[in-house]
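Notes for the structure review
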Amino acid sequence: MIHILGSGSIGCVIASKIQRPVSLICRTMPKQHSLIYELPDGVTRSIEDIQFQNASTITPISKLIVCTKAGEDTYNAVSSVQHALSKDSSILFLQNGFKRNEKLIKDTNLEKKSQILNSMITFGAFLREKFHVVDAGTGILRTSTHLEEPLNDNSKELIDVLMKTNYTIEVVPPKDLENTLKSKIAVNCVVNMLGALLKATSGELYEKAYVSNDQIMPSNEQLIYDILREVCEVLDLDLASTANLTRKASLATYTNFNSTARDYHIKHMTMPETEIKYITGYVIEEGKAKGIPTPVNNTLYNLFAMMSHLRELKQV
């Protein structure tokens, strides 16, 4: 049995694609006890053979995929099922951000009972409505152990199951994954931040001009370059290859409305409730610690905060 913690878009798309048995751990149980899985071309099918559980009804966990949002959501969610983790369990974390689970691991002593797998993913999905997930296409899941150690049996079994999906699964050393995660942070600083601010899909960010809210938006090429120049200096990344990766990742998920944009515009979360503090916020803090200024990323971060605050004031 594989347990998936979090019934958002990534949790639902993985639950739809991996072999059974699988359990989806949710805050609220679905009335229909099934998922609707929609392919990028619009073809849909009902996924009936999924067990739905919550923290109070959870069965013993040997293999756990964590798909909740980075930060407090993940901290609370994992803490709520910690009692069900079996000896030598495997926990695979799938979230945006860098070093986002250090506090959780330290506070809960997870590593004493479980093997922790960190990861980077390039595939996407979104929810058309609760428990109706739209697959944004294939991509890569790159993972490594949190510590320098061999995979335990549960981790091997979990990775074997994921390899049977149409995702490309790569197991790499921890240091290699750290470098990959830095590159993913750079991509997210463009896609998540600008997607949320401009209410644009990933691919639209690279259009020469596109329509948003009935207005013609100019090209973002120079702004994207300025964001990446700062991020690469802070994270010690090569600018040319990072810029190429960002463009490639954006165009590969052209129609995807990124998670931060969905949280802000569709779920009406406030800016502090989104993952952006683990993305752009992380780069800004690292820049401060290293004495590297990040005026462009600072401005965008503050603009997002102001936009969110103004919306809250209008709702009062």
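Along each chain, residues carry numbers from 1 onward, in the same order as the chain's sequence is written. The predicted nature of this model means local features are confined to residues of pLDDT at least 70 and side-chain atom pairs, given and counted, to a pLDDT of 80 or more, with totals for whole chains, interfaces and linings taken over all residues. Side-chain figures throughout are based on the complete set of non-hydrogen atoms in the structure, without hydrogens or water.

Brief notes about the overall build of the protein
Basically, it comes down to this: A run of DSSP states H or I qualifies as a helix once it reaches four residues; a run of E qualifies as a strand once it reaches two. Both are numbered from the N-terminal end. The size measure is the radius of gyration over C-alpha atoms, and the globule rule it meets is 2.2 Å times the number of residues to the 0.38 power. A simple rule labels every residue: compare its accessible area, found with a 1.4 Å probe on the protein chains alone, to the largest value its type can have, and call it buried under 20%, exposed over 50%, or partly exposed in between. Between two residues, a contact is recorded if the distance between any of their heavy atoms is within 4.5 Å. The accessible surface values rely on the Shrake-Rupley method and a 1.4 Å probe; as for residues, cover is taken only from the protein chains in view.
From N to C terminus, the protein includes eleven helices and 14 strands. For a compact globule of 316 residues, the expected C-alpha radius of gyration is about 20 Å, and the protein comes in at 19 Å, within 12% of that figure. Taken along the three principal axes of its C-alpha coordinates, the protein extends 50 × 40 × 40 Å. In the protein, which comprises 316 residues, the proportion classed as buried is 56%. Across the protein, the fraction of contacts at a sequence separation of at least 24, relative to all contacts at a separation of at least 6, is 71%. Carbon and sulfur atoms provide 53% of the accessible area of the protein, an area that totals close to 14700 Å².

What about the domain arrangement of the protein?
Much of the literature gives interface size as the accessible area that the parts lose upon coming together. Put simply, the rule reads: An automatic or database domain assignment supplies the residue ranges for each domain. Buried area: the accessible area, evaluated with a 1.4 Å probe, that two parts lose upon being put together, summed over both parts. The term salt bridge refers to a pairing of a side-chain nitrogen on Lys or Arg with a carboxyl oxygen on Asp or Glu at a separation within 4 Å. We call two N or O atoms a polar contact when they sit within 3.5 Å, provided that within protein one can donate a hydrogen and the other can accept it, with sequence-adjacent residues counted only if both atoms are side-chain atoms. Under the scheme applied, nonpolar residues are Ala, Val, Leu, Ile, Met, Phe, Trp, Tyr, Cys and Pro; charged residues are Asp, Glu, Lys and Arg; polar residues are all the others, including Gly.
In terms of domain boundaries, the protein breaks down into domain 1 (2–172) and domain 2 (178–315). Once you take the C-alpha centre of each, domain 1 and domain 2 turn out to be 25 Å apart. In this complex, domain 1 contributes 19 residues to the contact, which on the side of domain 2 involves 18 residues. Note on domain 1 versus domain 2: buried area summed over both sides is about 1700 Å², and carbon and sulfur give 59% of it. There are two salt bridges connecting domain 1 and domain 2. Between lysine 69 and aspartate 263 there is a salt bridge, with its nearest N and O atoms 2.7 Å apart. Put simply, domain 1 and domain 2 have five residue pairs in polar contact (both at pLDDT 80 or more) between them. Contributions of two or more residues to the side of domain 1 that touches domain 2 are made by strand S8 (114–121) and strand S9 (125–129). Of the residues in the side of domain 1 that touches domain 2, the class split is seven nonpolar, eight polar and four charged.

Here's the deal with the sheet that holds strand S12 (residues 168–171)
This is how it is decided: If DSSP finds at least two bridges between two strands, the strands pair. Helix axes use the C-alpha atoms of the stretch in contact, all axes being lines fitted to C-alpha atoms, and the angles between their N-to-C directions lie in the range 0 to 180 degrees.
The mixed open sheet is built from eight strands, whose spatial order is S5-S2-S1-S6-S7-S8-S11-S12. Here the strands that pair on one side only, and so sit at the sheet edges, are strand S5 (51–53) and S12. Each strand axis lies, on average, 25 degrees off the axis of its neighbour in the sheet, ignoring direction. Pairing of strand S11 (residues 140–145) with S12, which is carried by four bridges, proceeds in the parallel orientation. Within the sheet, the bridge partner assigned to arginine 142 lies in S12 and is glutamate 170. Packing of helix H1 (residues 9–17) onto the sheet brings it into contact with strand S1 (2–5), strand S2 (22–25), strand S6 (61–66) and S8, and relative to S2 it is tilted by some 165 degrees.

Remarks on a nonpolar patch on the surface
Put simply, the rule is: Candidates for patches are residues over 30% relative accessible area with no salt bridge; among them, like charges are joined within 9 Å and nonpolar side chains (Val, Leu, Ile, Met, Phe, Trp, Tyr) within 5 Å.
Among the surface-exposed residues, Leu303, Met306, Leu310 and Leu313 lie close enough to one another that they form a single nonpolar patch of about 370 Å² accessible area. Within the secondary structure, leucine 303 sits in helix H11 (residues 295–315). On the basis of relative accessibility, which here comes to 38%, the residue leucine 303 falls in the partly exposed class.

Describing the packing of helix H6 (residues 174–198) against helix H9 (residues 259–266)
To keep things clear, this is the line we draw: Oblique is the label for every angle not falling under 35 degrees (roughly parallel), over 145 degrees (roughly antiparallel), or within 65 to 115 degrees (roughly perpendicular). The crossing is said to be left-handed when, going from far helix to near helix, the turn is anticlockwise and less than a right angle, and right-handed when the turn is clockwise.
Axis separation between H6 and H9 bottoms out at 7 Å; the angle between their running directions is 25 degrees. Relative to H9, the element H6 lies roughly parallel. For the pair H6 and H9, the crossing hand works out as right-handed. On H9, the residues that touch Asn192, Gly195 and Ala196 of H6 are Ser259, Thr260, Ala261 and His265.

So, unusual backbone geometry
Omega for the peptide link from arginine 20 to proline 21 comes to 0 degrees, which places this bond in the cis form. Tracing the backbone shows proline 21 in the loop between H1 and S2. Despite not being glycine, phenylalanine 131 shows a phi value in the positive range, around 70 degrees. As for its position among the elements, phenylalanine 131 is in the loop between S9 and strand S10 (132–135). A positive phi angle, close to 55 degrees, is found at lysine 199, a residue other than glycine. Counting through the fold element by element, lysine 199 comes out in the loop between H6 and strand S13 (210–212). When its relative accessible area of 39% is taken as the criterion, lysine 199 is described as partly exposed.

Brief notes about the confidence of the model for the protein
Note the following rule: What pLDDT reports is the predictor's confidence in each residue, on a scale of 0 through 100.
The pLDDT averaged across the protein works out to 90; a share of 95% of its residues lies at or above 70. Taken element by element, the predicted model of the protein shows its lowest mean pLDDT in S13 (60) and its highest in helix H5 (residues 153–163) (97).

A word on the environment of phenylalanine 123
Relative to the helices and strands, phenylalanine 123 resides in the loop between S8 and S9. Along the backbone, phenylalanine 123 and tyrosine 167 are 44 residues apart, and their C-alpha atoms lie at a distance of 8.0 Å.

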